[in-house]
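As a plain string of letters, each chain reads:
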Amino acid sequence: MRTIPHKITTNIKHYKDKHNNSYVSLEATNSLGHVKCSKTYGFDAKKRTWFFVHDGKCVEIAQEHVYEALVNTYKSLTSIEDLVSENLGAAEEGY
């Protein structure tokens, strides 16, 4: 059985705002063009805290939450279910 290559390209995007807060997000794209983007998380350098914006308000979170969210965004494109589904779809289409 021929398989579809499952390559993933990831980019960690980051920038700073005028208040010297740093922002980070992860964008992952697989070989079929499916894109997953994480939520954007911020780091307040003055308070030394991580946060995200929800309904216009900053919600403080632990660094571990940011780490897990970025890793889970990547993992969502690497699931075995997706790999199997893509290859079954390719078989039906005749590759």
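Residues numbered from 1 in each chain as written. Predicted model: local features only at pLDDT ≥ 70, side-chain atom pairs only at ≥ 80, totals over all residues. Heavy atoms only, no water.

A. Just the overall build of the protein chain, in detail. A tally of regular secondary structure across the protein chain gives two helices and six strands. N-terminal to C-terminal, the α/β element order of the protein chain is β-β-β-β-β-β-α-α. Buried residues in the protein chain amount to 28% of all 95 residues. Within the protein chain, contacts between residues at least 6 apart in sequence are counted, and of these 40% link residues at least 24 apart. (Helix = DSSP H or I, 4+ residues; strand = E, 2+ residues; numbered from the N terminus. Buried < 20%, exposed > 50% of the residue type's maximum accessible area, 1.4 Å probe, protein only. Contact = heavy atoms within 4.5 Å.)

B. Seen up close, the pairing of strand β1 (residues 8-16). Pairing geometry for β1 and strand β2 (residues 22-30), over nine bridges, is antiparallel. Paired with Thr9 across the strands is Thr29, a residue of β2. (Pairing = 2+ DSSP bridges.)

C. Just the packing of aromatic side chains, in detail. In this structure the tally under the stated criterion is four aromatic pairs. Here the aromatic rings of Tyr15 and Tyr23 are separated by 5.0 Å at their centres, their planes lie at 15°, and the arrangement is stacked. (Phe/Tyr/Trp six-rings, centres within 6.5 Å; stacked < 30°, edge-to-face > 60°.)

D. Seen up close, the side chain of Ser38. Of note, Ser38 is situated in the loop between β3 (35-37) and β4 (41-44). Here the side chain of Ser38 touches Leu26 through a polar contact of 2.9 Å, landing on its backbone nitrogen. Excluding residues within four positions of it along the chain, Ser38 makes contact with Ser25, Leu26, Leu70 and Thr73. (Polar contact = N/O pair within 3.5 Å; in protein donor to acceptor, adjacent residues only side chain to side chain.)

E. Up close: unusual backbone geometry. For Asn20, which is not glycine, the phi dihedral falls at a positive 70°. Residue position: Asn20 is located in the loop between β1 and β2. By relative accessible area, which is 41% here, Asn20 ends up partly exposed. The phi dihedral of Asp55 falls on the positive side, at around 55°, and the residue is not glycine. Inspection of the secondary structure puts Asp55 in the loop between β5 (49-54) and β6 (57-61).

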